[in-house]
Amino acid sequence: MSLFPLRARQITLIPSCQLLLILAGRYKQVRCYSLLAVTRLCYALVGLHSPFTTAIPSVESWQNGTDTTESCYSQQSLQECYYKFSDSKDAQSIHTYHTSAFVFAAVLHKDKIALWQRHQGTHPGLFHRLREFWIPAEPRSISFADDRVALKAIVVVFHNEVTAIGLKDSKVKTVPIDQQLETLYETAWRREKYEVDSQRTAVGRHPHPPPHPHQSQSLSLSLSQSSSLGAVCPPLQWTCMIQLPFYPDQIPAASLTPDFSTPPSYATVVTTAPSEASDPIVLPSAAAPQLFFATFGTQSFMIDLAGTLFSTQCWCWLQEPEHIEFIQVLPNDWCAVGFCKDSVDMIHLATRQRAQRVMSGAIRYLGKWKSNSSGSREGGLLWSCTSKDRMFVYWLKAIVS
């Protein structure tokens, strides 16, 4: 016996509203289910009595957004406690964004993005279509951009460019690529090629050790150029661009660009020994624009929507990530987690130290988890690994805000 009489291609949980958004069916439509009804159905399927006493809406009221409940449930009625997003046929994926007042759901199609909205809370209410944005081709990924107060734009990532579509006026702005970023990308690419070539030629002799990732750019560039002489660096191809959920003021000050830093104070300069360099001061978050994690293949950089570099640091992945999330491991201390095809890669953002968890199987990111306990900040990320017809679910614990 199956939970749903159809194949679910994507399941998105919205705990604050007790909702499940499911992309399912032969026509790949988006369905909105009552989480309470689905939970009760799960208990019924395994023959257990549900410990939840909260009343759930009747099928009719759920589909109409009214406030009536059922006292008697059947498996059939629980399975039908959903409504479909109109005109959502052939949807590709669902992406959600939360504010204190609203929940937004962006439904991606091959040629458009439909943005839906509903109020926060567990009270009855339907998602209403807010806007539709037509796009010239199927994007590689989409994300959201806000101004720390409200949602302002949808970021659409194609292979060769990234555009930001304004929610208010639908104006499209292309995110340019900084020339310094291109230089840093080529430097990192040549350094990686040097390391790979050194490992391949290490048989039977002791080659010079490859440059350490934290060595200066000039040393890395000179070594990599000598090892890959004549090699042509491939052009930049966008992978994703995700807004940072924090301001990265823990990044080493020496790597900050002039646009996001100020010179040290006069008192600091005059009291510092001539042999010691005075690092710049990071621009306060209130005076800085929102920052994004821009990824090109196996390399990531921090930029704003104008394409301006925040830092000259490059965060390198062992494999190209298909999805990236951020977790807080300590107060004001963050890591980036990349979900690749067959591995999960975690990088400490301040130090760029990497701890890869290799898994022999297909990796699938499942979502975030947060404790429902009052005052608890416990939570983390969930993903699955499928190997030899068996699926394992993993949880990476983190601090959540």
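Residues numbered from 1 in each chain as written. Predicted model: local features only at pLDDT ≥ 70, side-chain atom pairs only at ≥ 80, totals over all residues. Heavy atoms only, no water.

**Some words on the sheet that holds strand β9 (residues 112-119)**
Note the cut-off: Criterion used throughout: strands pair if DSSP finds at least two bridges between them. Starting at the N terminus, helices and strands are each numbered in turn, a helix being any DSSP run of H or I of at least four residues and a strand any DSSP run of E of at least two. What counts as an axis is a line fitted to C-alpha atoms, over the stretch in contact for a helix, and the angles between N-to-C directions run from 0 to 180 degrees.
Pairing in this open sheet of 4 strands is antiparallel, and the strands run β7-β8-β9-β10 from one edge to the other. Both outer strands of the open sheet, β7 (93-98) and β10 (128-134), are each paired with one neighbouring strand and no more. Strand after strand, the sheet turns through a mean of 20 degrees between neighbouring axes, direction not considered.

**Overview of the sheet that holds strand β20 (residues 315-316)**
Using the following cut-off: Contact between two residues is taken to exist if any of their heavy atoms lie within 4.5 Å; hydrogens are not considered.
What the 4 strands build is an open sheet, ordered β15-β18-β19-β20; its pairing is antiparallel. One side of each edge strand has no neighbouring strand; the edge strands of this open sheet are β15 (238-243) and β20. Here 2 bridges tie strand β19 (residues 299-304) to β20, and the two strands are oriented antiparallel to one another. Paired with S300 across the bridge in β20 is W315. The sheet contacts of helix α4 (residues 179-200) involve β18 (291-296), β19 and β20, and relative to β19 the element is tilted by about 165 degrees.

**Quick look at the pattern of salt bridges**
Applicable threshold: Here, a salt bridge means any side-chain nitrogen of Lys or Arg that lies within 4 Å of a carboxyl oxygen of Asp or Glu. Relative accessible area decides the class of each residue, using a 1.4 Å probe on protein chains only: under 20% of the type maximum gives buried, over 50% gives exposed, and in between gives partly exposed.
In the structure shown here, the tally under the stated rule is 8 salt bridges. Across the pair K112 and E132 runs a salt bridge whose closest N-O atoms are separated by 3.2 Å. Here the residue K112 occupies a position in strand β9, and E132 occupies one in strand β10, the gap between them amounting to 20 residues. Judged by its relative accessible area of 11%, K112 falls in the buried class. Between K152 and D147 there is a salt bridge, with the nearest N and O atoms lying 3.8 Å from each other. K152 sits in the partly exposed class, given a relative accessible area of 46%. A single network of salt bridges, built from pairs that share partners, joins D87, K112, R129 and E132.

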